[in-house]
Amino acid sequence: MPSSLSRRGFLAGAGGIALATLVPSQAHAAQKAKTTLSIRGADLSFLPQLEEAGVRYRDLAGRVRPAEQILAHEGANYMRLRVWIDPPAGYSDKARALALAKRAKKAGMKILLDPHYCDFWADPGKQPIPASWPTDLAGLTAKIKNYTRSLVRDFAAQGTPVDLIQIGNEVTNGILWPVGQLYLPDGTQQWEAFTDLLKAGTEGALEGCGGHRLKTMLHIDKGGRMGDTQWFFDNIAKYDVPYDIIGQSYYPMWHGSMAELQANLVDSAGRYGKPILLAEVSYPWTFEDGDGRGNIVGPDAYLPDVDRFPATPQGQAAFYEALRGVLAQVPGGKGLGFMAWEPEWIPGVGWQPGAEASNDNLTQFDFTGRALPSIRSYRRP
């Protein structure tokens, strides 16, 4: 999002006062209102597979509609698209993501692209190099740049340009292991190799966007963990890695209470001067298991604010409302917004072929596909 006010003829109200002529306090308030909660969306990468499995979605009134249109009707304005290099058949490769991008555009949503730089899942515990990629730093630096440039160009070429791209997925511990792995078993830290790869990916993205305005994001998984966030982004600053947005995953069962999240967001906004997006968020609406095959979050999970947000549809809705409140209070309008992670992933598709839908109680649709009250959190501020 822009960090300064446009000095063009944007008029405030019927009085015709140019925004640029407002007193500083008014101008600051106007800019904050423009950026706060300006991103409200969801990662819907599993959606095509779920539809192929026969899943149908219904809105709050019970009408059958595509999931992205249900969310867009409630105010969602972004779709996050995961891209793997060579996943199992049917999973989120480039062709799948390109097709889903067309649906996002039709629904009036912008695109956040999430290249994992991996054949399949990449997260803080694993970031393997794609099987077809080089395995040396020089080769990987060239490859990640060229791949990202080509990927961004392909989205633009079909009329669905990328608006925001993250350079890797939850890169807290590095990317493209072991070459870009931050923490080796012997204690070595590879910040230089890791940040060289980040810089190359960023360069490729910006070269591929053509004339479209593209923002870049660095995404880690430390929503309520201030010390870990500072360690990561202090080093990012030390190595002069360019980026526009701080991305955080926030799953309270792993990343702290709502108060800890708020403290970290406020600290990051002041410490780094960057806007912050909660790039992945979810919360249980039940502890039941939709496919009976096991869930990641069950009755024994630690939910730090469970008294405020019980695992019920109403409790989930309250969680998202509180999240909006936290983002609205980040100084300077730097609480950009949130992206729910796979809110449509109800039973029907496993995290890998033949596996369970391990997050089916963290969705924003019930096990039958009926929308839950929490989808109202996508409304405009």
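Residues numbered from 1 in each chain as written. Predicted model: local features only at pLDDT ≥ 70, side-chain atom pairs only at ≥ 80, totals over all residues. Heavy atoms only, no water.

Trainee: When you look at the environment of Ala193 in this model, what are you seeing that I'm missing?
Mentor: Within the secondary structure, Ala193 is located in helix 6 (residues 191-208). Residue Ala193 is classed as buried on the basis of its relative accessible area of 12%. For the pair Ala193 and Pro299, spaced 106 residues apart in sequence, the C-alpha separation works out to 41 Å. Not counting residues up to four positions away in its chain, the partners in contact with Ala193 are Leu137 and Val179. (Helix = DSSP H or I, 4+ residues; strand = E, 2+ residues; numbered from the N terminus. Buried < 20%, exposed > 50% of the residue type's maximum accessible area, 1.4 Å probe, protein only. Contact = heavy atoms within 4.5 Å.)

Trainee: Please clarify how unusual backbone geometry should be interpreted in this entry.
Mentor: At the junction of Trp177 and Pro178, the peptide bond is cis and its omega measures out at 0° in the coordinates. Positionally, Pro178 belongs in the loop between strand 6 (164-166) and helix 6. Of note in this structure, Leu176 is not a glycine but carries a positive phi near 50°. As for its placement among the helices and strands, Leu176 is situated in the loop between strand 6 and helix 6. The class for Leu176 is buried, based on a relative accessible area of 1%. In this structure, Asp240 is a non-glycine residue whose phi angle is positive, near 55°.

Trainee: Looking at this structure, how should I read the pattern of salt bridges?
Mentor: Opposite charge on two side chains allows them to pair when their charged atoms are near. Under the defined criterion, the tally for this structure stands at 18 salt bridges. A salt bridge links Arg65 to Asp59; the nearest nitrogen and oxygen atoms lie 3.6 Å apart. A residue is classified by how much of its surface remains accessible, and Arg65, at 24% relative accessible area, is partly exposed. Each of the salt bridges in this network shares a partner with another, and the network as a whole consists of Asp43, Arg80, Asp114 and Glu280. (Salt bridge = Lys/Arg side-chain N within 4 Å of Asp/Glu carboxyl O.)

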